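# Commentary on secondary and tertiary structure
As a plain string of letters, each chain reads:
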Amino acid sequence: MKWSDPKYLIVFLITLVLVAGEARYDILGGYDRLATTLGICIGTEVVLSWWLRGRVANIASAYITGISLALLTKPQANILWPFALGSFLAIGSKYVLTYRGRHLWNPSNFAIALLVLVASDSVAILSHQWGNDLRINLIIWAFGLAVAWRARVLHVTLTYVACFVLLAVVRNAIVGGPLLAELAPITGPMYQLFVFFMVTDPRTTVGTRRGRMLVVAIVALVETIIRLGGDFQVALLRPFYPSPPILALAIVGPIAMWWDLYRQGRKAP
Amino acid sequence: MSLSRGGPFGSFESLESWGEKLTLLRCIGYSLPVFTASWRRVIVTAAFLAAVVAVAVLNRRAPASLTGARETIRLTEVAHQSGIDFVHQPATLDPKLAHITPHVAALGACVSVSDVNNDNWPDLYFTSSRFGAANALYLNQRDGTFRDVAAEAGVAALNLPGEGVSMGAVWGDYDNDGFEDLFVYKWGYPQLLHNLGNGRFADVTAQSGLRRWMNSNGAVWFDFDRDGLLDLYITGYFRSDIDFWHLRTTRIMQESWEFASNGGKNLLFKNLGNGRFADVTDSMGVGSTRWTLAAAAADFNDDGWPDLYLANDYGPEELFLNREGKRFELARAGLEDDSKSGMAVALGDVYNRGRHDVFVTNISERGFLFQGNNLRINFLKELGRFNEIATGAVADAGWAWGAQFGDLNNDGWLDLVVVNGFISADSGRDYWYAMSKVAGAQGRIFEDAKNWPAIGTASLSGYERSRVLLNRGREGLGGGFVDVAEEAGVTDRLDGRGVALADLFNVGTLDVVIANEKGKALLYRNGAHPGHWVEFKLIGTRSNRSAIGAEVTVAFGGIPQRQVVDGGVGFCSQNDRRLHFGLGDERPGRVTIRWPSGTAQVLEGLAPDRLYEITEPRK
C-alpha cells in the first residue's frame, strides 16, 4: 500500500477523531485502554500475517481497528480484558473467518458485536457522547465526508445516511412520537465511527458500486427491524437494542460478502 | 551466521521493513518450530475460539455478580412494626411534560435524621412531593416505635400549589438556641422552619432571606467561615426560572449528557446571625450550574476549613476548596475529566487512614451503559488528587442513588449502603432503548423535552436490589468490599433515593432508613454484633451548636478512623449527627476532636460500648 493510498486518509481521520475527542472530552477513559487495543491489534496483525501468510501485513488497518475499539468499547469500570480480547478477536477474525481468502467481517465491527452480545454484563458501547456538541460533530462530519469522497466510498456513506433518514420517517409513522427522536441517533458520535470507518471498509464490502449501495441499504433496513423491535419490546431482539447499526452490519455484512465472493468464484474460469 | 554480515539481502540492519527482516530470518533458518500451513491455521483457529470462550467466561465472572464470602451483617425490615407507614407521593407536573413526567418527576423521596426534641433518641423526617401530600416527622418513642407528629409540629403541609413541592430536608441549629431547625429544599420556594423547642416549628423563610424559587435537590449546612454560625449551601438542579406547573417552554432539559452546564445555579447563603442569610454565592465562587444533585462538606485537604464536594448529573464532579473562608477554588483533583451522572456524595474513611474518601453513585445498566460508581481515595496531601479505585460490586450498583458509609457490623471498617432503581413500573416494558435514541444525539435535540420519546408505563432500571457492601478492610479485591445485601436481609426492590444511618434504638449498632420514590419508607433494624463500639454526641459552644463540621478521629488497634458530623450527605439525606465508630475487638485509644472553630480536643482512656456527650471547650 502506498502512502497515497486513501486508507491513510482514514488513518488521518480516525486519528483526528481520537485526538480531538480525547483533548476535549477525554473519550478514552484511560490511556491504558488505547495502549492495549493498539498494541494487541498491531501485534496480532504482525504475528498472524507473518505466520500464516509469510509476510508482515501493513499495520494501517490494525491501527484503525485499535483506535475504533478503544473509542467504542465501554466496559465496566477499570476492566481491561474486553479491550485485550476484543482486539485479538478483531484481528484474528481476519485470518480465521475467511472465505476464498477474504475476511468477511469488518474487524472492529465483529469484535464489538461479539462483545456486546456475549459479554453484555461487562461491556457496553460508547457511553461517551463527546459532549453532544454540535460543533465538534460538524467538524468530524465535514472531514469524514471529504475523506470518504477522496477514498471513493462517499456513495456508501451517503446511501446509508439517506436510507437511515428515510427509514426514520417510516419508523416514526409506525411508532409515533417526535420525529426528531427517530432522527436523533445519526447525529451522534457512534454513527460517525460507523459511517466513516465500518460500512465503508473496502476489504469487507462487495465488489461493485451498486452492490455496495444495496448492501448498506439492507444494513439500514435490518437496523430498522432491530429498532422497531426495541420500540415494540420484542424480547428476542433485546440484546441488539443497544447498538442497532453495529449489529445490523455484523449480520448483513458477512452474508453479502460471502455471496459476492461466491458469485465471483462461480464466474471465474 | 552473523545477522550483520549480510549476504544477498545486505546487512540485517539495512533492511527497511520488518517483512524483509523476517524473510531474511526465515531464509537463514531462524524460524519457529515447523508447522504445516494447515496446522498453523488450526492453531490460530483454536486460539481464536479460546478467546471467544474467554470472553464468555470472564463475562460470567463480572465482579458485580459476586456476593459475600462471609456474612457478618444482619438487618431486619421493621418499618411497619415500628409505626412508620410513610409512602412517598411523586410530583405532578405541567401537562406539557406528560409524556415524560415519570422520568422528570422521579425525585423527592428524602430522609433526614435529627434529635428534634433533645431526648437523645434520633427522630426521622421524610418528604413527599405531590401537592397536598404531607411530609412526616416521626418522633422516636424510645420503645422501638415512632409516631408521626408532623402535622402538629407544623412541618407536614409544605407541598402547596404556588409554593412548590418538597425534594428533601436537612437539620441544623442555625440560631444556636439548642434545638435543631429544619430546612426543606423544594422545586419551588424552600422553607426554613425554626424549631421553637416546644414541639412546634415556625416558618421563618421570608424574614431569613431564603425565599427564592429554586428547583433544588440538595442542601448542606456547614460553617464555611468558621464564625460559629451555620451557613447554607443549596444546590440547583433544573434552572430556577422553571415553574414546573406553568411551563413557558419545554426547553428545560440538559444540553449534554456529559458536560452540561445549563442547570440551576447552586447558592451559598451566609448566616448573618440575626436570623437572616445573605447570598454570597458569586463572591465565594461556588455558583456551579452543572445540575448538582448532591453536595457534602468536609475538610478534604486538612487545612482546617470545610470544603465542598459536588456530585453533578450530566457532568464531572467538582471539589471546591475553601480558602480560609474568604473564597472557594475549584480544585483540579482528578475529577474534571471524568464525566458521569453523579447522584450522591458519601464520605467515609474507607481504609482507616484518617482521611475523607468519597463515594459517588452513578448509572450502570447491562448492555447500555457502564458509567460505574466512583470510589475516590483521598490523596490530596500527597498527590493533589483523588485516586478512583472502584471495581466490581462497588462500581456497579445499577442506577444508584443514595449511599452512606457506616460500620454496620462494628468490625472497625466502614461498610457502604447503596440504594438504587430509577423507575419501577411495567416490568415488561423498558425505556432504555427509547431513551438511547436521544441520549447519543446533539444537545439541541434532547434539551427540548418535547423531542423525548414517551415513556408511557415503561420501567427504567426498575426493580433493582439495594446493595450492602461489606468492607473487608485492606484484604480482597473490589476495593475490599463485597456485596452481602441478600444474606444480610436487604431484599427490597423499591426505587431508593435517600438513605440515612443512625443508631435509632441506642444499642450501639447502626440502623438503615431508606426513602423510596413512590414507595414506602423502609427501616432496617440492625442485629447485635460482637464488636465493640463508641459513639459521640458533640455540642458546639464556640462552634455551631450542632457541631456540624466537627471531625473526630478515633485510634484503635493502631489505626485511625476519621468521621465528620454532617449537615447533609448522600443524596437528599442526612445521617444522625451522633458519630458511631465500630471497634472490632479493640478499645478506643486516643480520640481527637477538631471542632469547626479550630479547637482541638483530645480524649484518652475512654471505655468502649458507650455514647459520650462531649461539649466543646469554651477556650
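Residues numbered from 1 in each chain as written. Chains lettered and ligands numbered in written order. Predicted model: local features only at pLDDT ≥ 70, side-chain atom pairs only at ≥ 80, totals over all residues.

### Regarding the overall build of chain A
Short version of the rule: A helix here means a DSSP run of H or I that spans at least four residues, while a strand means a run of E at least two residues long, and both kinds are numbered starting from the N terminus. For the radius of gyration, the atom set is restricted to C-alpha positions; the globular benchmark scales as 2.2 Å times the number of residues to the power 0.38. To sort residues by burial, count the other C-beta atoms lying within 10 Å of each one's C-beta; a count of 20 or more means buried, 12 or fewer means exposed, and anything in between means partly exposed. C-beta atoms are built from the backbone. With C-beta atoms placed from the backbone, a contact is any residue pair whose C-beta atoms sit within 7 Å.
In terms of regular secondary structure, chain A is built from 11 helices and four strands. Expected size for 269 residues packed as a compact globule is a radius of gyration near 18 Å; at 18 Å, chain A falls within 12% of this value. Across its three principal axes, chain A shows a C-alpha extent of roughly 55 × 50 × 35 Å. Within chain A, the fraction of its 269 residues that count as buried is 53%. Long-range contacts, defined here as pairs at least 24 residues apart, represent 73% of the contacts in chain A between residues at least 6 apart.

### Notes on the overall build of chain B
Within chain B one finds 11 helices and 41 strands. Relative to the 2.2 N^0.38 estimate, which gives 25 Å for 619 residues, the radius of gyration of chain B is 27 Å and therefore close to what a compact globule would have. Over its C-alpha atoms, taken along the principal directions, chain B stretches across nearly 100 × 65 × 50 Å. A burial count over chain B gives 58% of its 619 residues as buried. When contacts within chain B are restricted to residue pairs at least 6 apart in sequence, those whose partners lie at least 24 apart make up 62%.

### Remarks on the interface of chain B and chain A
Here is the rule we go by: Throughout this entry, Asp, Glu, Lys and Arg are counted as charged residues, while Ala, Val, Leu, Ile, Met, Phe, Trp, Tyr, Cys and Pro are counted as nonpolar. The remaining residues, Gly among them, count as polar.
In this assembly, 52 residues from chain B lie in contact with 54 residues from chain A. Mapped onto the side of chain B that touches chain A, the elements with two or more residues apiece are helix 1 (18-27), helix 2 (37-60), strand 22 (369-370), strand 27 (426-430), helix 9 (432-439) and helix 10 (443-446) of chain B. Counted by class, the side of chain B that touches chain A contains 27 nonpolar, 14 polar and 11 charged residues.

### Digging into the sheet that holds strand 26 (residues 415-420) of chain B
Strand pairing in a sheet relies on backbone hydrogen bonds. The paired strands run either parallel or antiparallel. All names here are of chain B. Our working rule: At least two DSSP bridges between two strands are needed for those strands to be called paired. Inter-axis angles, ranging from 0 to 180 degrees, are taken between N-to-C directions of lines fitted to C-alpha atoms, where helices are fitted over the stretch in contact.
If you trace the four strands from one edge of the open sheet to the other, you get 25-26-29-30, paired in antiparallel fashion. The open sheet is flanked by strand 25 (400-406) and strand 30 (481-483), the only strands paired with a single partner. On average, each strand axis in the sheet is tilted by 20° relative to the strand beside it, whichever way the strands run. Here strand 25 runs beside strand 26; their pairing, made up of five bridges, is antiparallel. Pairing of alanine 403 across the sheet is with valine 418, part of strand 26.

### Points about the sheet that holds strand 35 (residues 551-556) of chain B
All names here are of chain B. Here we have four strands laid out as an open sheet, ordered 36-35-39-40, and antiparallel in their pairing. Either end of the sheet is taken by a strand with one partner, and the two such strands are strand 36 (559-564) and strand 40 (600-603). Averaged over all pairs of adjacent strands, the angle between strand axes in this sheet comes to 15°, irrespective of strand direction. Relative to strand 39 (residues 591-594), strand 35 runs antiparallel, the two being bridged by four bridges. Bridging across to strand 39, valine 552 finds its partner in isoleucine 593.

### Comments concerning the pairing of strand 33 (residues 522-526) of chain B
Residues and elements named next belong to chain B. Here strand 33 lies mainly inside the structure; five of its five residues are buried. The side-chain alternation of strand 33 yields two buried faces, one formed by Leu522, Tyr524 and Asn526 and the other by Leu523 and Arg525. By the bridge criterion, three bridges tie strand 1 (residues 75-77) to strand 33 in an arrangement that is antiparallel. Of the residues in strand 33, the one forming a bridge with glutamate 77 is tyrosine 524.

### Comments concerning unusual backbone geometry
With a phi angle near 60°, tyrosine 314 of chain B is a residue other than glycine that sits in the positive phi range. Residue tyrosine 314 of chain B is classed as buried on the basis of its C-beta count, with 24 C-beta atoms lying within 10 Å.

### Quick look at helix 4 (residues 81-96) of chain A
To keep it simple, the criterion reads: By definition here, a helix of n residues has an expected span of 1.5 Å times n minus one.
Here helix 4 of chain A is 16 residues long and its end C-alpha atoms lie 21 Å apart, about the 22 Å a rise of 1.5 Å per residue gives. Burial analysis of helix 4 of chain A places 13 of its 16 residues in the buried class, which makes it a mostly covered element.

### Here's the deal with helix 3 (residues 60-72) of chain A
Residue and element names in this part refer to chain A. Taking 1.5 Å of rise per residue, the 13 residues of helix 3 would be expected to cover 18 Å, and the 18 Å separating its terminal C-alpha atoms lies within 8% of that figure. Of all the 13 residues making up helix 3, 12 are buried; the element is thus mostly covered by neighbouring parts of the structure. Buried residues of helix 3: Ser61, Ala62, Tyr63, Ile64, Thr65, Gly66, Ile67, Ser68, Leu69, Ala70, Leu71 and Leu72, and no others.

### Some remarks on the nonpolar core
This is how it is decided: To define a nonpolar core, we join buried Ala, Val, Leu, Ile, Met, Phe, Trp, Tyr and Cys residues through C-beta atoms within 7 Å and take the resulting set.
Grouped together as the largest cluster of nonpolar side chains are 262 residues, with contacts concentrated most on Ala344, Val345 and Val513 of chain B. Setting aside its immediate chain neighbours within four residues, valine 345 of chain B contacts Ala294, Ala295, Ala296, Tyr309, Ala311, Val358, Val360 and Val569 of chain B.

### So, the packing of helix 2 (residues 31-53) of chain A against helix 2 of chain B
What counts here: By definition in this entry, angles of less than 35 degrees are roughly parallel, angles greater than 145 are roughly antiparallel, angles of 65 to 115 are roughly perpendicular, and the rest are oblique.
Two elements in contact, helix 2 of chain A and helix 2 of chain B, have axes separated by 9 Å at closest approach and are oriented at 150°. One element, helix 2 of chain A, and the other, helix 2 of chain B, form an angle in the roughly antiparallel class. Across from Leu48, Trp51 and Leu52 of chain A in helix 2 of chain A, the residues of helix 2 of chain B making contact are Arg40, Arg41 and Val44 of chain B.

### Considering the confidence of the model for chain B
All names here are of chain B. Threshold: On a range of 0 to 100, pLDDT expresses the predictor's confidence in each residue.
Across chain B, pLDDT averages 92, with 92% of residues at or above 70. Note on residues 1-10: pLDDT under 50 across the span, and nine contacts to partners over four residues away in sequence or across chains. Of the two predicted TM-score estimates for the complex, the pTM is 0.92 and the ipTM is 0.93.

### Describing the environment of glycine 154 of chain B
All names here are of chain B. Assignment of secondary structure puts glycine 154 in the loop between helix 4 (150-153) and strand 6 (164-172). Each C-alpha atom, one on glycine 154 and one on tryptophan 171, is 15 Å from the other, the two residues being 17 residues apart in sequence. Discounting residues that sit within four places of it in the chain, glycine 154 has contacts with Arg200 and Phe201.

### A look at the packing of helix 4 of chain A against helix 5 (residues 107-118) of chain A
All names here are of chain A. Quick reminder of the rule: It is the rotation of the near helix from the far one that decides the hand of a crossing: anticlockwise by less than a right angle makes it left-handed, clockwise makes it right-handed.
The contact between helix 4 and helix 5 brings their axes to 8 Å, and the two run at 130°. With respect to their mutual orientation, helix 4 and helix 5 come out oblique. Here helix 4 runs over helix 5; the crossing is right-handed. For the pair helix 4 and helix 5, the contacting residues are Pro82, Gly86, Leu89, Ala90, Ile91, Ser93 and Lys94 in the first and Pro107, Ser108, Phe110, Ala111, Leu114 and Leu115 in the second. When grouped by side-chain class, the residues that make up the contact of helix 4 with helix 5 number nine nonpolar, three polar and one charged.

### Here's the deal with the environment of glutamine 89 of chain B
Residues and elements named next belong to chain B. Structurally, glutamine 89 can be placed in the loop between strand 1 and helix 3 (101-104). Glutamine 89 sits 400 residues away from glycine 489 along the chain, and the two C-alpha atoms are 26 Å apart. Leave out the neighbours within four places in its chain, and glutamine 89 touches Ser128, Ser129, Arg130 and Ala133.

### Remarks on the environment of alanine 113 of chain A
Residues and elements named next belong to chain A. The topology assignment puts alanine 113 in helix 5. Residue alanine 113 is classed as buried on the basis of its C-beta count, with 22 C-beta atoms lying within 10 Å. Placed 33 residues apart in sequence, alanine 113 and alanine 146 show a C-alpha to C-alpha distance of 28 Å. Here alanine 113 is in contact with Ile246, Leu247 and Ala250, once residues within four sequence places are set aside.

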